[in-house]
Amino acid sequence: DEQQAIVVLQNPYACGNGAERVVMHKMAYTDRVAKALAHFITHSVIPPREIHASHNHFSCAGLEAILNALAAHPKHPLRHPTNPKSCAVTNVRVERCPLA
């Protein structure tokens, strides 16, 4: 449920080192969860490599919060540990969100 997702994403212990993948597709989540996800990204040591959030009800403002959090994260894009010139940006999937 949406409120449980918000509680988990805003919990400082949940943020920790972050998560390699954040999968929350087909949950009918709204911008409240998008903003909680932005909070999670901001407070994670390492940003996720993938966010799968398609088939939700994010507006442009919700998606903007997520993307701004990624753009502002000091470790994004992620650098390869043995080749610092190589990096990877986070793959964000949000197809079938109304973005109204």
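So, a few notes on the structure that sits alongside this text. From a predicted model like this one, the values you see are computed outputs, not experimental measurements.

Reading the values: the criteria
- Throughout, a residue's number is its position along its own chain's written sequence, starting from 1.
- With pLDDT at 70 or above as the cut-off, local features in this predicted model cover only qualifying residues; side-chain atom pairs require 80 or more to be listed or tallied, and sums for whole chains, interfaces and linings still use all residues.
- For the side-chain quantities, the full set of heavy atoms in the structure was used; hydrogens and water were omitted.
- Helix numbers and strand numbers start at the N terminus; a helix is a DSSP run of H or I with at least 4 residues, a strand a run of E with at least 2.
- When checking whether two residues touch, look at their non-hydrogen atoms; a contact exists if any pair is within 4.5 Å.
- Pairing of N or O atoms within 3.5 Å defines a polar contact, subject to two protein rules: one partner must be a possible hydrogen donor and the other a possible acceptor, and residues neighboring in sequence count only if both atoms are side-chain atoms.
- Axis lines are fitted through C-alpha atoms, for helices just across the contact stretch, and the angle between N-to-C directions can take any value from 0 to 180 degrees.
- Roughly parallel here means an angle under 35 degrees, roughly antiparallel means over 145, roughly perpendicular means 65 to 115, and every remaining angle is called oblique.
- Handedness of a crossing follows from how the near helix is turned relative to the far one, being left-handed for an anticlockwise turn of less than a right angle and right-handed for a clockwise one.
- Polar here means any residue other than Ala, Val, Leu, Ile, Met, Phe, Trp, Tyr, Cys and Pro, which are nonpolar, and Asp, Glu, Lys and Arg, which are charged; Gly is therefore polar.

Focus: the environment of E2
With respect to the helices and strands, the residue E2 is situated in helix α1 (residues 2-10). Note: C-alpha distance between E2 and A28 (26 residues apart in sequence) is 8.3 Å. If sequence neighbours within four positions are ignored, E2 has contacts with A28, Y29, T30, R32 and V33. Engagement of the side chain of E2 in a polar contact is seen with the backbone nitrogen of T30, the distance being 2.7 Å.

Comments concerning the packing of α1 against helix α3 (residues 31-43)
Contact geometry for α1 and α3: axes closest at 8 Å, N-to-C directions at 15 degrees. Between α1 and α3, the angle falls in the class roughly parallel. For the pair α1 and α3, the sense of crossing is left-handed. In this structure, α1 contributes E2, Q3, A5, I6, L9 and Q10 to the contact, and α3 contributes R32, V33, A36, L37, H39 and F40. For the contact of α1 with α3, the class distribution of residues is seven nonpolar, three polar and two charged.

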